[in-house]
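Residues per chain are reported as follows:
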Amino acid sequence: MAAEKHNEVKMTSGDENKENSSDAGLGLEILQIIKDSQQQHGLRHGDYQRYRGYCSRRLRRLRKTLGFKMGNRHKFTGKKVTVEMVSDNRYLLLVLMEAERAWSYAMQLKQEANTEPRKRFHLLSRLRKAAKHGEQLERLCESPRVDAKTKLEAQAYTAYLTGMVYFELQQWKPAMEAFNKCKTIYEKLASAFTEEQAVLYHQRVEEISPNLRYCAYNIGDQNAINDLMQMRLSAGGGGGMMAEKLEALITQTRAKQAATMSEVEWRGRIVPVKIDKARIFLLGLADNEAAIAQAANEETKERLYESLLAECRDTIQAVREELRIDVKQRERTVDADSGKVSNLQYLHSYLTYIKLWTVVKRNESMARVLQAKLKEPQTDETKRSPRPQDLIRLYDIILQSLAELSALQGLEEDHTFQKEVALKTLVYKAYRCFFIAQSYVLVKKWSEALVLYERVLKYAREVQSKAKSLTNSLKDLPDVQELIAEVSAEKYSLQAAAILDTEDVAEVPAQQQVKDNKPLSERLEAFHLDPTLVGKQPNLVQFPPEFQPIPCKPLFFDLALNHVAFPPLDDKVEQKGKGGLTGYIKGIFGFGS
C-alpha cells in the first residue's frame, strides 16, 4: 500500500508537468493523463475497483492542495468549479478525476451485472454522472485562458462518455453520432502532431471503432458484422479488453440472427434446432472457420481454435442437459420404420462431430508447425528444440478423436461416413508411424526404424488404393504422395547411416576375446572382453562360495571349583554384643546406634 501511494505521488508530479506544458494558456493533456493513470492503477488487469479508489484518493489530495473543501467534518457543503475559478490547471484535473471515478464505478458495476442484473440500473446512473462531469469539464475549457488543444480533447472526452451512455441504453443513432464526433476530433488531433504524439489518439480511435460498427449494424447496416469479424482477426492472439468487447458484440449480433434459424441439415438429414445456444453456435460456425482460415499467424489461429472449442463444449453441455430432462430422449430411441435416432440425439452427435473434427484440425495445424521447426537447423543450444516424440503425441490425440467419431450415435449404419473415418485414420496412422521411426533413428535403432518405414509405405499404399472411391475425403488431409517420397529418401539415408555406424566400431584384438570361465572377481588384474557381463546372467563372483577351514574356538570347563576348600573368615566377621533390656530399649529409640 505504501509503495502504491509512493507511485501515486510520482504520478502526480508527472501529471503536473503535463498540465503546465503549454505556454499559450492553461493546458491539460486529458487523454494522456487518463491513459497513464488507468495503466498504472488497475486497468491493465481489468481491476476497475482499484482504479476508482485511486481516483478518490487523487481527488482528496487535489481538494486539500487547492483548499477546495466540501464543508467540514460535521456538515457537507457542495461546491462547484466555475469558469472564474479556473486560474490553475488543477481545477480542470479535479473535474476530470470526478468523471473518471464515476466512469470506473460504472465499469465495475458492468462486470458485476453479469451475475446481478439489478446493478445495471446503478451502472446507468454512474455513467450519466460521468457524462455530466464531462460536460462540466467542456464548459470550463471554453474559457479563453484554456488552449485550443485542451478544448478539443475535452469535447472528444465528453462525446465519448455521452456515447457510452447511449450505447448502454441501446439508443444506437445518438450513440453513433457521439462516437463519430469523438472519432473525428481524435483523428484531427492525430494529424496535427508528430507520429509519436499521434499514437495515443490512433489507439483511442481503434477502441471506438467496434462500438461504431455495432451501432451501424443495429441501425441497419448489414455489412457491419463483416467489419466486426475483421476487427476480431486484427486483434491478434493477445486478447485483452478489445478482443473481449468484440466477442461480446458478435455474440449479441448472432443472438438476434438466431431467431430466424430453426433447422440444420447434416449428412442428408434435417434436424430442428430449438435450443438458443445451439442456434447461436451453428450460426457463427462458418464465420469462425473463415476467421481461422484467414488468420495471419499461428498464434492467432490457435486462439481462434480454442475459442471455437470452448463454444462447442458449452453448446454440447446445453444439449446434454436437454437430453437429461426427458427420460425418453436420454436413451437411444429407435423408430421401427426408419431406424433413426431422435432429433435431439442426432443434433448432439452433430455437435460432437464438430468438436472432434476441430480437435483434429487444430492438432494437424500444430503438427505442421512442429514439422517445419524439425527441419530447421538448431541455432540456440540452450533452447529446447522440438523432437519427433512431440509429434507422436499430437497424432495420438488425432487418432483418439477419429476413433470417437466412428462411434457416434446415429452414424453406425452410415457406411460412407465410416469409410471416410477409416481412410483418415489410415492417413494419420502413416504419419504417426513415420515419426516413431524418426525417433528410433535418433537412438540408432536402425532395424526397428527400417521396419517402421516399411509399415508407413504399407499404410500409404492402402490409402491410395481406397481413395479412388472417396476422392472428396482427401481434400482436408495431408498429402500421402509426399510422405511416400520422404520415406523413400529416409530409407536410403538410414541404410547409409547404419553401414557407417558399423564401420566406426573398432575391431577388438584377438587376445582380448579369449573366453575365460573365471568370475570377474578372480581376474581383475587382466582385461578380457566378456559379452556375458552385460547380459542377464553376468559371471561376477562364484556363488555359493566354497567352504573354507577355520580354527576352532577353545571351550573352558571349570571342573575343580567344587573341590576347592576356602580358608575360614570367622575372625574377620564382626561379633554382636549382648546388651540386655537396656540395649533393647536403646535400640528401639535409636540411642544405641
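By convention here, each chain's residues receive numbers from 1 onward along its written sequence. Only residues with pLDDT of at least 70 get local features here, since the model is predicted, and only at 80 or more are side-chain atom pairs given and counted; chain-wide, interface and lining totals rely on the full set of residues. For side-chain calculations, the full set of non-hydrogen atoms in the structure is used, while hydrogens and water are omitted.

Notes on the overall build of the protein
Working step 1: Secondary structure counts use DSSP, requiring at least four H or I residues in a row for a helix and at least two E residues in a row for a strand, with both numbered from the N terminus. Helix and strand counts for the protein come out as 19 helices and two strands.
Working step 2: Here the protein holds 593 residues, and the buried ones make up 39% of them.
Working step 3: Any two residues whose heavy atoms approach within 4.5 Å at even a single point are treated as in contact. Contacts in the protein between residues far apart in sequence, at least 24 positions, make up 66% of those at least 6 positions apart.
Working step 4: Shrake-Rupley sampling with a 1.4 Å probe provides the accessible areas, and residues are treated as covered by the protein chains on show and by no other component. Accessible surface, the protein as shown: approximately 36600 Å² in total, 52% of it carbon and sulfur. Exposure is judged per residue with a 1.4 Å probe applied to protein chains only, and the accessible area is read against the type maximum: over 50% gives exposed, under 20% gives buried, and values in between give partly exposed.

Observations concerning the packing of aromatic side chains
Working step 1: Two rings from Phe, Tyr or Trp (for Trp, the six-membered ring) form a pair when their centres sit within 6.5 Å of each other. Planes less than 30 degrees apart are called stacked, planes more than 60 degrees apart edge-to-face, and all others tilted. Within this structure, the stated rule accounts for 17 aromatic pairs.
Working step 2: Ring plane angle 75 degrees and centroid distance 5.9 Å describe the contact between Tyr-48 and Trp-103, whose orientation is recorded as edge-to-face. Pair noted here: Tyr-48 is in helix H3 (residues 48-66) and Trp-103 is in helix H4 (residues 89-112), with a separation of 55 residues, a long-range link.
Working step 3: Note on Tyr-48: relative accessible area 6%, which makes it buried.
Working step 4: Three or more aromatic residues joined by ring pairs make a cluster, and in this case those are Tyr-395, Tyr-428, Tyr-431, Phe-434, Phe-435 and Tyr-453.
Working step 5: The ring of Phe-68 carries Lys-79 above its face, with NZ or CZ at 4.7 Å from the centroid.
Working step 6: Two conditions define a charge located above a ring, namely a distance within 6 Å from the ring centre to NZ of Lys or CZ of Arg, and an angle within 35 degrees of the ring normal. Sitting over the ring of Phe-193, Lys-149 keeps its end group 4.8 Å from the ring centre.

Things to note about the nonpolar core
Working step 1: Working definition of a nonpolar core: buried Ala, Val, Leu, Ile, Met, Phe, Trp, Tyr and Cys residues. They are joined through side-chain atoms within 4.5 Å. Counting residues in each nonpolar core, the largest one holds 73 residues, and the members touching the most others are Leu-282, Leu-347 and Ile-354.
Working step 2: Broken down by secondary-structure element, the contributors of at least two residues to this core are strand E1 (263-266), helix H11 (276-293), helix H12 (298-325), helix H14 (343-375), helix H15 (388-406), helix H16 (415-442), helix H17 (446-466) and helix H18 (480-504).
Working step 3: Of all the elements, H16 adds the most residues to this core, at 13 residues.
Working step 4: Both domain 2 (267-330 + 342-374) and domain 3 (399-501) contribute no fewer than three residues apiece to this core. Each domain span listed reflects an automatic or database assignment of domains.

Description of a positive patch on the surface
Working step 1: On the surface, a cluster of positive charge is made up of Lys-80, Lys-129, Lys-132 and Arg-139.
Working step 2: Turning to its location among the elements, Lys-80 is positioned in the loop between H3 and H4. Here, patches come from residues exposed beyond 30% relative accessible area and free of salt bridges, joined within 9 Å for like charges and within 5 Å for nonpolar side chains (Val, Leu, Ile, Met, Phe, Trp, Tyr). We count a salt bridge whenever a side-chain nitrogen from Lys or Arg sits within 4 Å of a carboxyl oxygen from Asp or Glu. The charged-residue count follows a simple rule in which Lys and Arg add positive charge and Asp and Glu add negative charge, with His and chain termini not counted at all. We put the charge of a Lys on NZ, of an Arg on CZ, of an Asp on CG and of a Glu on CD.

A word on the pattern of salt bridges
Working step 1: For the coordinates displayed, the defined rule picks out 16 salt bridges.
Working step 2: Across the pair Glu-420 and Arg-267 runs a salt bridge whose closest N-O atoms are separated by 3.9 Å. One end of the pair, Glu-420, is in helix H16; the other, Arg-267, is in the loop between E1 and strand E2 (269-272), with 153 residues separating them in the sequence.
Working step 3: Among the residues examined, Glu-420 registers a relative accessible area of 18% and is labelled buried.

Structural notes on a nonpolar patch on the surface
Working step 1: Residues Leu-540, Val-541 and Phe-543 make up a contiguous nonpolar surface patch of about 340 Å² in total accessible area.
Working step 2: Following the sequence through the fold, Leu-540 ends up in the loop between H18 and helix H19 (580-589).

Description of helix H7 (residues 172-192)
The periodicity of an α-helix, 3.6 residues per turn, causes residues three or four positions apart to be oriented the same way.
Working step 1: Each helix should span, by expectation, one fewer than its residue count multiplied by 1.5 Å. Counted at 1.5 Å a residue, the expected span for H7 with its 21 residues is 30 Å, and the 30 Å between its end C-alpha atoms agrees.
Working step 2: Regarding H7, the residues found buried are Trp-172, Ala-175, Ala-178, Phe-179, Cys-182, Ile-185, Tyr-186, Leu-189 and Ala-190. For H7, the angular spread of buried residues about the axis comes to 165 degrees, placing them on one side. Pointing more than 90 degrees away from the buried face of H7 are the exposed residues Lys-173, Glu-177, Lys-188, Ser-191 and Ala-192. In this description, the arc belongs to the directions extending from the helix axis to the C-beta atoms.

Topic: the environment of Gln-542
Working step 1: Counting through the fold element by element, Gln-542 comes out in the loop between H18 and H19.
Working step 2: Under the relative-accessibility criterion, Gln-542 is labelled partly exposed at 40%.
Working step 3: C-alpha of Gln-542 to C-alpha of Lys-518: the two residues are 24 residues apart in sequence and 8.5 Å apart in space.
Working step 4: Residues contacting Gln-542, with those up to four places away along its chain left out, are Pro-519 and Glu-522.

Points about the pairing of E1
Working step 1: The alternating pattern of E1 places Val-264 and Trp-266 on a buried face and Glu-263 and Glu-265 on a face that is not buried.
Working step 2: In short, DSSP must find at least two bridges between two strands for them to pair. Relative to E2, E1 is paired through four bridges, and the arrangement is antiparallel. Looking across to E2, one finds that Val-264 is bridged to Val-271.
Working step 3: Between the antiparallel neighbours E1 and E2 lie two residues, among them Arg-267 with a positive phi of about 55 degrees.

Details of H15
Working step 1: In a regular helix each residue adds 1.5 Å, so 19 residues correspond to 27 Å; H15 covers 27 Å between its end C-alpha atoms and thus fits that length.
Working step 2: Of the residues making up H15, those classed as buried are Pro-388, Leu-391, Ile-392, Leu-394, Tyr-395, Ile-398, Leu-399, Ser-401, Leu-402 and Leu-405.
Working step 3: Elements that come into contact with the buried residues of H15 comprise H14 and H16.

Overview of unusual backbone geometry
Working step 1: In this structure, the amide linkage connecting Phe-543 to the following residue, Pro-544, adopts the cis form with an omega of -5 degrees.
Working step 2: Structurally, Pro-544 can be placed in the loop between H18 and H19.
Working step 3: A positive phi angle is found at Arg-267, which is not glycine, with a value near 55 degrees.
Working step 4: Overall, the relative accessible area of 34% leaves Arg-267 in the partly exposed class.
Working step 5: Of note, the phi angle at Lys-444 is positive, near 60 degrees, even though the residue is not glycine.
Working step 6: Inspection of the secondary structure assignment puts Lys-444 in the loop between H16 and H17.

Considering the confidence of the model for the protein
Working step 1: As a per-residue measure, pLDDT reflects the predictor's confidence and takes values from 0 up to 100. For the protein, mean pLDDT is 79; residues scoring 70 or higher make up 78% of the total.
Working step 2: In this model residues 236-242 is a low-confidence stretch, pLDDT under 50, and it forms ten contacts with partners more than four residues away in sequence or in other chains.
Working step 3: Residue range residues 506-512 is modelled with pLDDT below 50. Its contacts to residues more than four positions away, or to other chains, number six contacts.

Observations regarding the packing of helix H6 (residues 148-168) against H7
Working step 1: Throughout, an axis means a line fitted to C-alpha atoms (over the contacting stretch in the case of helices), and angles, computed between N-to-C directions, take values from 0 to 180 degrees. Two elements in contact, H6 and H7, have axes separated by 8 Å at closest approach and are oriented at 155 degrees. Taken together, the axes of H6 and H7 lie roughly antiparallel to each other. Along this stretch, H6 crosses H7, giving a crossing that reads as left-handed. For classification, angles of less than 35 degrees are called roughly parallel, those exceeding 145 degrees roughly antiparallel, those between 65 and 115 degrees roughly perpendicular, and all remaining angles oblique. Left-handed describes a crossing in which the near helix is turned anticlockwise from the far one by less than a right angle; the clockwise case is right-handed.

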